[in-house]
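A closer look at the structure
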Amino acid sequence: MKITDLRCIHIPSLRALLLRIDTDEGIYGLSQVEMSKHAYMAPHILYYKPFIVGLDPRNVEDVMRRIRRLGGFKPWGAAVSSIEIALWDIAGKATGVPIYRLLGGKVRDTVRPYMGGPPPFHMYQPYWQGGDRPEDYYAMAKARKESARGMTIMKVATGFHDSRWRTVADHHYGISYVPRQSAGFMEFAPEALGQNAGMVTKRGLDHAVACMAAVREALGEDMELAIDCGPGWKVPGAIAFARRVEPLRPFWLEDLVTGDYTPYVSPELYREVKAKTSVMIHTGEQIYLRHNFKELIETQAVDVIGPDPMDIGGLAELKWVAEYADLHGILIAPHGIGDGPFGLAALIQVCATLPDNFIAFELPVVLPEWKGLISGILHEDMIQDGVIQVPDAPGLGVDLVEDEVRRILGREDIYLTDVQVR
Ligand SMILES: [Mg+2]
């Protein structure tokens, strides 16, 4: 079997960029690119085509050795990672088995998601939008809890991860970047944001703590509260925040120092924060490849890592890092909010194979508009009592209904096949 083509499909209404790898035997693999990149990433994906055409897609590692060194931290590892997942889709379909079987087999029949997104095909209630008062956070958390379907962990945003900090006067010492146009879900304003960062003020700290207390009240005692915080905190501010929220018993504090779109890790700073609080410290969604997790894991700089299969370099890379983390007593809760339906299918496959350090994966947002555009294993009621049954369909188990894509896009030719340079 040989790879014959790599093409992209952009669905603007869903802000989704998909990729399709074809073979000379008619079997194809599908995947999707992680959030915030949409059409701008298509040339980046197509760039890899000459490196993979002619190779046997079932030898996933052989293909990856040709392109792995051409990736980088989020967002530049997204193309490489998505290609890896499409290769596994082909390998699974060619063998007639689900991907988990090719990764060494499953160790659990159900996998546990946590509430980043809502259950598939349900309306999305963003965890970083709405009013900025504690009562607004209370209402947001209450509303989201109604769609929990037994899920036991909800993630909410605060600090630099939450655009509402902009309404707090003198939130922190430092430059504040404000987008010239609002960037909604899965959309990056073309004038990309600078990194908001700095030492938080008493006023900023008080606001964040009050809002998280309101969320804890809304969640009650039967739900874990995971807090996505940054990146951008300075070490003393991060420690002060962690200690102030300790009485709320958050499950973890995510990305305080580095994270989202930070092209480095800073394990030594995380080590300082971790040593001074009893709350679990979590990071890693932007990190590309095992090599960049090495110091974080070997020095036990955090309690939980959160790699995204669509940024770390793919499913096999995530599996390797999870095993290595387990060896060092570190937990794993993979990231996935912007991975879409194909990312959800991929997360289910890899999480079925992870060791005992697996907590739960972040539920990708699969908007109701995906209905009819995809067929296969994903459905509205797939979360029961907080878990998802691991499906046995070959590959990822999700197909794209291309006729429906043609209808929505209003044209026959739905593929982006060439990088235009003008
Ligand atoms: Mg995050």
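Relevant structure appears above.
To keep things clear, this report deals only with the structure shown in the data block. Keep in mind that this is a model prediction, so the values were computed, not measured.

**Considerations on the overall build of the protein**
Check the secondary structure of the protein and you find 14 helices and 18 strands. For a compact globule of 422 residues, the expected C-alpha radius of gyration is about 22 Å, and the protein comes in at 21 Å, within 12% of that figure. In terms of overall dimensions, the protein has C-alpha extents of about 60 × 45 × 40 Å along its principal axes. Across the protein, contacts joining residues at least 24 apart in sequence account for 76% of those joining residues at least 6 apart.

**Looking at the environment of Asp136**
Mapped onto the elements of the fold, Asp136 is located in helix α6 (residues 134-145). Residue Asp136 is classed as partly exposed on the basis of its C-beta count, with 15 C-beta atoms lying within 10 Å. Along the chain, Asp136 and Lys294 lie 158 residues apart, while their C-alpha atoms are 40 Å from each other. With residues up to four places along the chain from it excluded, the contact list for Asp136 reads Gly130 and Gly131.

**Topic: the sheet that holds strand β13 (residues 331-332)**
The 6 strands are arranged β6-β9-β10-β11-β12-β13 in an open sheet whose pairing can be described as parallel. For this open sheet the edge positions go to β6 (153-157) and β13, each flanked by a neighbour on one side alone. Across 5 bridges, the pairing between β6 and strand β9 (residues 224-228) is parallel. Each bridged residue has a counterpart across the sheet, and for Val156 the counterpart in β9 is Ile227. In this fold helix α7 (residues 202-219) packs onto β6 and β9, with an angle of close to 150° to the strand it touches most, β9.

**As for unusual backbone geometry**
For the peptide bond that leads from Lys74 to Pro75, omega is 10°, which places it in the cis range. By secondary structure assignment, the location of Pro75 is in the loop between α3 (60-67) and α4 (78-95). Cis geometry marks the peptide bond from Gly230 to Pro231; its omega dihedral reads 10°. Turning to its location among the elements, Pro231 is positioned in the loop between β9 and α8 (235-245).

**Considerations on α3**
Looking at α3, one finds that the buried residues are Val60, Val63 and Met64. An end-on view of α3 places all buried positions within 100° of arc, on one side of the element. For α3, the exposed residues set more than 90 degrees away from the buried face come down to Glu61, Asp62, Arg65 and Arg66. In this structure, the buried side of α3 is in contact with α2 (49-52), α4 and α12 (315-327).

**So, the packing of α6 against α7**
At their nearest, the axes of α6 and α7 sit 8 Å apart, and the two run at 35° to each other. Note that α6 runs across α7; the crossing there is right-handed. Together, Pro134, Glu135, Tyr137, Tyr138, Ala141, Lys142 and Lys145 of α6 and Ala210, Cys211, Ala213, Ala214, Val215, Glu217, Ala218 and Leu219 of α7 make up the contact between the two elements. When the residues that make up the contact of α6 with α7 are grouped by side-chain class, the tally is 11 nonpolar, no polar and 4 charged.

**Details of the environment of Phe121**
Residue position: Phe121 is located in the loop between β5 (113-114) and α6. When the 18 C-beta atoms within 10 Å are taken as the criterion, Phe121 is described as partly exposed. Along the sequence, Phe121 and Leu367 sit 246 residues apart, while their C-alpha atoms lie 4.9 Å from each other.

**Quick notes on the sheet that holds strand β16 (residues 383-384)**
One open sheet accounts for 3 strands, arranged β4-β17-β16; its pairing is antiparallel. Where the open sheet ends on each side, the last strands, each with one partner, are β4 (110-111) and β16. Both β16 and strand β17 (residues 387-389) contribute to a ladder of 2 bridges, which runs antiparallel. Within β17, the position partnered with Ile383 by the bridge is Ile388.

**Points about the pairing of strand β3 (residues 28-32)**
Taken residue by residue, a regular strand's side chains alternate between the two faces of the sheet. Burial analysis of β3 places 5 of its 5 residues in the buried class, the great majority of the element. When strand β2 (residues 16-23) meets β3, the two strands line up antiparallel, connected through 5 bridges. Looking at β3, one finds that Leu19 is bridged to Ser31. The hairpin turn running from β2 into β3, its antiparallel successor, is 4 residues long, and Gly26 in that turn takes a positive phi close to 85°.

**Some remarks on the pairing of strand β1 (residues 3-11)**
In this structure, β1 lies alongside β2, joined through 8 bridges in antiparallel fashion. Considered in β2, the bridge of Ile3 is made with Thr23. The loop that links β1 with its antiparallel partner β2 comprises 4 residues; one of these, Arg15, has a positive phi angle of about 45°.

Scoring rules and cut-offs
Residues numbered from 1 in each chain as written. Predicted model: local features only at pLDDT ≥ 70, side-chain atom pairs only at ≥ 80, totals over all residues. Helix = DSSP H or I, 4+ residues; strand = E, 2+ residues; numbered from the N terminus. Rg over C-alpha atoms; globule rule 2.2 N^0.38 Å. Contact = placed C-beta atoms within 7 Å. Buried ≥ 20, exposed ≤ 12 C-beta atoms within 10 Å, placed from the backbone. Pairing = 2+ DSSP bridges. Axes fitted to C-alpha atoms, helices over the stretch in contact; angles between N-to-C directions. Arc of directions from axis to C-beta. Left-handed = near helix turned anticlockwise from the far one by under 90°. Nonpolar A, V, L, I, M, F, W, Y, C, P; charged D, E, K, R; others polar.

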